[in-house]
Amino acid sequence: MKSIAKLIFLEVNFLKKTIALIGVILIAFVAALLSVISVLYDMPEGMYAGLDDYLRFFPCTVADVKGETSEEVGAVPVYASRNGLTRYAMLSAGAKSINTDAADGLLPIVRRGYAVHEGSGALKEYDTAKLEGEWPKADFEICLDADIAGYLGVGVGDSVYIAPDASFLNRDDLEFKELGQERYRVTAIYSFRTVAEELRRRPQECVVPAAYYYLALDETAEMDSVVFAFPDTRTLFRRYDDLVDAGYEASLGSVAESQYENINLAQAFFGAVAGVLGAMVLFILYSLIAIFYRQRRSQICRLKLLGATGSRIAAVYCSVAILLVVVSVVAGTAFSMAFNVYFMHLCARLFDKFSSNFVSHFRPAVSLVLLAAMAAFVLLLFAFLNRRVKNAEIAKEVRHE
C-alpha cells in the first residue's frame, strides 16, 4: 500500500502541469454543470411559488366530460358548459320565453349561463350581487339575473324550463349532447351587473365568469366542458400533462398556460445544456486518462518489467484521476453556488412579476451523485487502461534503454 501511495505521489509530481491544466478545465465544467442542474430545479420552483402567490384559482378545462371523468381528473369540478343548457338554449316560464343567443341580427345578444358545482362554493364571492334567496345547491336548481327573472315573470320558488334553441340544432359546428326540456326551480335572484363589477374588481378571487343564470351541476351529466380546480400550480401542471397523455382535450387559463410554456421551454433548454456539459465532463476524464497513458507509457512498461501487475499500475493513475475528481467536484460546487445566484437573478429580471420567488438552493445530493457518476466512469476507464497495459509492447518500449 505504501509503495502505491509513493508511486501516486511521484506521478502527481511528474504530471503536475498536466493535472493542474486538466483540473482547472474540469472545475470550470463541473461548476457550470452543477449550476445548470441547480437552475433546472430552482427556476420551476420559483415559477410555481410565484404563480401560487399570484393566482387564487388553478383551473384546467376538460372537454367532453362524463360523470366518471371527475374521479379520473382528481379535482373538484367548479363550473361547466353544455350546448342547449348554458348556451344556445331557450329559457321559458308560462307563455314567456327568452333566447340565450340571438339566432340572427347584426348585433347578436348572448345571455349565457353556467352550471356550477354545489361543493365548490364559488358563487359565495358574488354574495353582494344576491337580491333574494340562496345560491343553487342541489340538482335542478337555478338562480337568475333580475332582468331575466323580471322578463319571465318568475321569482324565488317558481320554475323555469330550459331546452335547446331549435334555431341552432342544424348548425354543423355545434353539437348538442342531450335534447329535451328540463325543469329548474328558482332559488335566488341576483344582479348581473353587480356580478360583473365584482369580477372586474377582484378577478383573482371570483373564479366563475359573469353569467345571466347559474344552475347546479349534475355530476353524472355529460358536459361539453368542465373547469376543474387544483390546489396549486405544481399539481395543476402535473395533472394537465397526465390528462393530455391520457387523450383528454384539456386547456389551462391564459396566465398559467403562458408560464407553463415558459417552464417547459426553460427545462428543455437547461436540460440540453446539462446534457452537453455532462458529456464534456466525461470527455475531459477520458482525455485525462488517455494523456496519462501516452505520457507515461514508458514508465508503465518499466513497472511491468519490474513485476507490477496491470491492475496495480492502472490503480495508480486512476487514483490520481479520482483525487482530481474529488477536488473538482468540491471546488466546482463552491463556484456553482455563485453561478446559480447569478442565474436566479437573471430569471428574476426576466419574470419580474415573480422576482421575489426565485431563490437559489444548495443541493449537496446533486454534487454527491455527480461525484459518484464521475468516479464510476473513472473505474470504467480503469478497466480499459488495465486492458491496454496487459497488451503493451513492453520490449518495444524499452529496447532503446
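Look a little higher up for the structure.
Residues numbered from 1 in each chain as written. Predicted model: local features only at pLDDT ≥ 70, side-chain atom pairs only at ≥ 80, totals over all residues. Heavy atoms only, no water.

## Re the pattern of salt bridges
Right, on to step 1. Across all of its chains, the model carries eleven salt bridges by this definition.
Right, on to step 2. The salt bridge involving glutamate 182 is made with arginine 82; its shortest N-O contact spans 3.9 Å. In this pair, glutamate 182 is assigned in strand 9 (residues 182–190) and arginine 82 in the loop between strand 2 (76–81) and strand 3 (89–93), connecting sequence segments 100 residues apart.
Right, on to step 3. For arginine 82, a relative accessible area of 5% translates into the label buried.
Right, on to step 4. A salt bridge links aspartate 101 to arginine 87; its shortest N-O distance comes to 2.6 Å. Highlighted residues: aspartate 101 in the loop between strand 4 (96–99) and strand 5 (113–116) and arginine 87 in the loop between strand 2 and strand 3, separated in sequence by 14 residues. For the pair aspartate 101 and arginine 87, one class covers both residues: buried.
Right, on to step 5. The network of salt bridges with shared partners includes Glu125, Glu198, Arg201 and Arg202. (Salt bridge = Lys/Arg side-chain N within 4 Å of Asp/Glu carboxyl O. Helix = DSSP H or I, 4+ residues; strand = E, 2+ residues; numbered from the N terminus. Buried < 20%, exposed > 50% of the residue type's maximum accessible area, 1.4 Å probe, protein only.)

## With respect to the pairing of strand 3
Right, on to step 1. Of all five residues in strand 3, four are buried, a share of seventy percent or more.
Right, on to step 2. As paired strands, strand 3 and strand 8 (residues 159–164) are joined by four bridges and run antiparallel to one another. When the bridges of strand 8 are listed, methionine 90 appears paired with alanine 163.
Right, on to step 3. Summarising the sheet, strand 3 and strand 4 pair through four bridges and their orientation is antiparallel. Looking at the pairing, methionine 90 lines up with asparagine 99 of strand 4. (Pairing = 2+ DSSP bridges.)

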